Amino acid sequence: MKKETFKELGKGLIALSNLIGGFSIINSFFGVAHNAPVGVTAFTVFYLVVAGYITGGILINKGAD
């Protein structure tokens, strides 16, 4: 893949992480009752957002080299 492609994939992954985090916050205020406990849901969302940011940063750095 070209360097610019890695940069754009990294940016897209960070944007997806922002969407996941934002929608989970909005859903916690306006959503209906959940089947999973709050702690499990919070851990899953936190893990996805952090993993997305780290992987996005790695891809952007790989594209910058």
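Residues numbered from 1 in each chain as written. Predicted model: local features only at pLDDT ≥ 70, side-chain atom pairs only at ≥ 80, totals over all residues. Heavy atoms only, no water.

Student: In this structure, what is going on with the packing of helix 1 (residues 3–30) against helix 2 (residues 38–64)? I would like to understand it.
Tutor: When two helices pack together, you describe them by how their axes are tilted relative to each other and by the distance separating the axes. Viewed as axis vectors pointing N to C, helix 1 and helix 2 meet at an angle of 165 degrees, and their least axial separation amounts to 7 Å. Classified by the angle between their axes, helix 1 and helix 2 sit roughly antiparallel to one another. Read as a crossing pair, helix 1 and helix 2 show a hand that is left-handed. Of the residues in the contact of helix 1 with helix 2, the class split is twelve nonpolar, ten polar and four charged. (Axes fitted to C-alpha atoms, helices over the stretch in contact; angles between N-to-C directions. Helix = DSSP H or I, 4+ residues; strand = E, 2+ residues; numbered from the N terminus. Parallel < 35°, antiparallel > 145°, perpendicular 65-115°, else oblique. Left-handed = near helix turned anticlockwise from the far one by under 90°. Nonpolar A, V, L, I, M, F, W, Y, C, P; charged D, E, K, R; others polar.)

Student: Would you mind going over the packing of aromatic side chains with me for this structure?
Tutor: Geometry of an aromatic ring pair is reported as the spacing of the ring centres plus the angle between the planes. Under the definition given, this model contains one aromatic pair. Ring geometry for F43 and Y47: centres 6.3 Å apart, planes at 25 degrees, overall stacked. Placement of both F43 and Y47 in helix 2 is noted, with a separation of four residues, approximately one turn of the helix. Its relative accessible area of 56% is what places F43 among the exposed residues. (Phe/Tyr/Trp six-rings, centres within 6.5 Å; stacked < 30°, edge-to-face > 60°. Buried < 20%, exposed > 50% of the residue type's maximum accessible area, 1.4 Å probe, protein only.)

Student: Can you help me understand helix 2 in this one?
Tutor: Three- or four-residue spacings in an α-helix give side chains the same orientation, since the helix completes a turn every 3.6 residues. Spanning 27 residues, helix 2 covers 39 Å between terminal C-alpha atoms, matching the ideal 39 Å at 1.5 Å per step. Those residues of helix 2 that sit buried are V45, V49, G52, G56, L59 and G63. Packing partners of the buried residues in helix 2 comprise helix 1. (Expected span 1.5 Å × (residues − 1). Contact = heavy atoms within 4.5 Å.)

Student: Hey, could you run me through the environment of G10 in this one?
Tutor: Checked against the element boundaries, G10 lands in helix 1. When the C-alpha atoms of G10 and Y53 are compared, they prove to be 8.4 Å apart, with 43 residues separating the residues in sequence.

Student: What exactly am I supposed to notice about the layout of surface pockets here?
Tutor: With a probe scaled to a water molecule rolled over the atoms, the places where space remains empty come into view. Size it by volume and the largest pocket reaches roughly 210 Å³. Together, ten residues line the largest pocket, and S24, S28, T41, A42 and V45 are the ones closest to its centre. Going through the elements one at a time, helix 1 and helix 2 are the ones with two or more residues in the lining of the largest pocket. With five residues, the single largest contributor to the lining of the largest pocket is helix 2. For the lining of the largest pocket, the class distribution of residues is five nonpolar, five polar and no charged. (1 Å grid on protein atoms, 1.4 Å probe; cavity = no way out; pocket = protein on both sides within 12 Å on 5 of 7 lines; lining within 4 Å. Points joined across faces, edges and corners; volume = space filled by probe spheres on them.)

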